[in-house]
Every structure is written in structure tokens, then in C-alpha cells.
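So the chains spell out like this:
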Amino acid sequence: MPETKACESKTDTIEDHHGHVERVLASTPDLLLDNGADLIAATVSATSSRVAAATEETTSGRHRLLGELAGRIPFPVIVINDSPIKLKFENEHGIGPAVVDGFLRATNSLIAAKTFAVVGFGSCGRSLARTLRALGASVIVVERDPVRALEAAFEGMRVTSIDRAVELADALITVTGRPDALTADLMTSLRDGAVLANVGHFSTEIDVAGIERVAVSRREIRGDVTEFVLENGRTVYLLARGEMLNLAAASGHQIQIMDLGFAHQAHSMRALALDPDAFIPGYNPVPPEIDRTVAEAALATLSTAELSS
């Protein structure tokens, strides 16, 4: 990988992030639009709050709502992530190209003729795997859910364990929405020159602190590429500090994809504000009428759609 002068990167420390959360909640909001459930979690832990409802955008936030925060949230939360529009369009059509954009910008390296391991074959991982394969990569999938793993196999992708994937992959990208998808104990099995990246909402899917512990040296060789030399002499490259590659190294989702997400949030927040009693505390799916409204509005903007009046 060619060495260039490091450039200024788009990053906040975890302390910066928590500071942003604190400043938002210091404004005593009535409604929250959350990404990853950090605002919701902080509100639940607060001694007092006037929050009456919230929306949550991401898979990672959904996991937190149904896991660590289950039964603790006193107000309704509409989870945008579980909408079929979010799953089918943002995740399956937006994620793959956006992540590839981040990979290309960070590495200036080809996709074709490389072996990529995609860890997680949900709707986001599916999009990434398909996009990489369309650009000429060989794709390995790591997926613990047997139904999703079978789907990947039926799409012609090689399905294997994380232990085997790290031995085979030129590049490994986590997209699980959960922490510790790639742990430090696997580092010594990586191929020399392997590239690591993450697409999950939090920078905890790759154990970055663990890599630093087992590495004998590190240096920044590009703005979004950190080189680690391991004790066994192999070199691995971490992209965008383990943060979301499509955001940290590129421009994020395409504007049409963002329009769908913002429309869902706006309509969901409106429904919560107008009739909060129609929802239960904690997790709520997007109401079907909102999916229909957003789909009809988006369809009307497309030149490929001919709609009758």
C-alpha cells in the first residue's frame, strides 16, 4: 500500500461523542431522533427527563433496545431500522456502494481479484457482499444465523467461520451491529497485508485496543489507514480507526437514501407527537401507513415510475 502524508480525518474521540450526547440532553428535549440508542440510554439513566417519545435509526440501536434497555424505557420508540423500506432500500441498495466508496478513498486499491470476508449477512452485509462481488471480488461470508448463512451459500458465496475467514481474506469488513465481531486473539492468523474495516454503527466491532496491545508498532500511513506490525512480523492495515467506513472515509449514504430515512423519521415523530397513546413503551415498529406514505412519495420522484393519477 503506497505511503502518503496523513491528512485531516473526520473523527471524534469517545469523550467527544459523550460530550455531544450530554449537550443534546442538556437542552431538555421532548422528542429524540437517535442513532445507536445513546441518547435513549442516557435518558433512561438520568434522574429526570421530559422525553416523551423517540425514533431509532440503526441496527445497533435496535439491538440495544431489545437487549440492555429492554423493559427500562418508559416512552415509545419507533425503530426505523425494521421498516421494509429501510431494510430493502437503505441497507440493501445504499450500504454496499457507500462502503466501497470509503474503501477506495481510504486505500486507492482495487476491489477486483481480492478476497473479501464480510462478517454479518443481514441486509447491510448482503448489500456489501453483492456489491463487492459485482466489482470482481471473491467474497467469503461469516454469519452465525444458519438461515442467513444458507442464503449466502445459495447466492454462490463461500460461507465459513471467522477463524477460517481471517486466514483467507485480503480484506475483512465487519457489519454485524454488535461488539467484538473481530477480536484480538484472531490477529495473528491474519494474512500479511490484510486490511480491516468496520461498517457497524459503533467502533467496537473490531477490537482496536486489542490490536494495539498485540502490535509491536503502529503508524499512520494515510489519512484513514493505520499500519500495525504484529509480533509474528505480519502487517495489517486498519481503515478509519475501526469507525464506520462509509462515513469516516467517504460521504455516507447517497442523498436519495438519506431522503427515505429522514422522511421516515419525520413521519414517525409526527405520529408519536400526535397520538403517543397509540404506541407502547419501548420498541415499536414503523406503522405500515408511514411505510406506504414514504414509498408513494419516493416513487413519485422517479423518472422510471409511471403512476396513474
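For the structure itself, consult the block above.
Residues numbered from 1 in each chain as written. Predicted model: local features only at pLDDT ≥ 70, side-chain atom pairs only at ≥ 80, totals over all residues. Heavy atoms only, no water.

> Give a description of the packing of helix H4 (residues 84-107) against helix H10 (residues 255-274) that names residues and reports values.
What describes two packed helices is the angle between their axes and the distance between those same axes. Relative orientation of the contacting elements H4 and H10 amounts to 155°, with a least axis distance of 10 Å. Regarding the angle of H4 to H10, the classification is roughly antiparallel. The chirality of how H4 crosses H10 is left-handed. Of H10, the residues touching H4 (which contributes Ile85, Phe89, Glu90 and Gly94) are Ile257, Leu260, Gly261 and His264. Here the residues of the contact of H4 with H10 are counted per class, giving four nonpolar, three polar and one charged. (Axes fitted to C-alpha atoms, helices over the stretch in contact; angles between N-to-C directions. Helix = DSSP H or I, 4+ residues; strand = E, 2+ residues; numbered from the N terminus. Parallel < 35°, antiparallel > 145°, perpendicular 65-115°, else oblique. Left-handed = near helix turned anticlockwise from the far one by under 90°. Contact = heavy atoms within 4.5 Å. Nonpolar A, V, L, I, M, F, W, Y, C, P; charged D, E, K, R; others polar.)

> Before we move on, can you summarise the packing of helix H1 (residues 14-26) against helix H2 (residues 38-45) with the specific residues and values?
Where H1 contacts H2, the two axes come as close as 10 Å, and the packing angle between them is 65°. As H1 runs across H2, the sense of the crossing is right-handed. Taking contact as the criterion, the partners of His17, Val21, Val24 and Leu25 in H1 are, on H2, Asp38, Leu39, Ala42 and Thr43. Class assignment of the residues belonging to the contact of H1 with H2 gives a composition of five nonpolar, two polar and one charged.

> Can you lay out the packing of aromatic side chains for me, pointing to particular residues and giving the numbers?
Enumeration over the complete set of coordinates arrives at one aromatic pair. Aromatic side chains Phe103 and Phe116 sit 5.3 Å apart centroid to centroid with 65° between the ring planes, which places their arrangement in the edge-to-face category. Linking Phe103 in helix H4 with Phe116 in strand E4 (residues 115-119), this pair joins segments that are 13 residues apart in sequence. Note on accessibility: Phe103 and Phe116 belong to one class, buried. (Phe/Tyr/Trp six-rings, centres within 6.5 Å; stacked < 30°, edge-to-face > 60°. Buried < 20%, exposed > 50% of the residue type's maximum accessible area, 1.4 Å probe, protein only.)

> Which residues make up the sheet that holds strand E7 (residues 171-174), and what values go with them?
The strands making up a sheet associate through backbone hydrogen bonding, with each pair oriented either parallel or antiparallel. On the basis of which strands lie adjacent, the open sheet formed by eight strands has the order E6-E5-E4-E7-E8-E11-E10-E9 and mixed pairing. Pairing within the sheet leaves two strands with one partner each, and these edge strands are strand E6 (158-159) and strand E9 (215-222). As paired elements, E7 and strand E8 (residues 194-198) share four bridges and run parallel to each other. Within the sheet, the bridge partner assigned to Leu172 lies in E8 and is Leu196. Along the sheet, helix H5 (residues 123-134) contacts E4, strand E5 (138-142) and E7; its crossing angle with E4, the most-contacted strand, is approximately 170°. (Pairing = 2+ DSSP bridges.)

> Got a sec to walk through H4? Specific residues and values, please.
Two residues of an α-helix separated by three or four positions point the same way, owing to the 3.6 residues in each turn. With 24 residues, H4 extends 33 Å from end C-alpha to end C-alpha; this agrees with the ideal 34 Å at 1.5 Å per step. Helix geometry: H4 is bent most strongly at Ile95, by close to 40°, with proline Pro97 lying one to four residues after it. Taking the backbone nitrogen of Ile85 as reference, a side-chain oxygen 3.1 Å away marks Ser83 as the first, capping residue of H4. Downstream of H4 by one or two residues, Asn108 has phi in the positive range, about 55°. (Expected span 1.5 Å × (residues − 1). Bend = angle between axes of the 7 residues up to and from the residue. Polar contact = N/O pair within 3.5 Å; in protein donor to acceptor, adjacent residues only side chain to side chain.)

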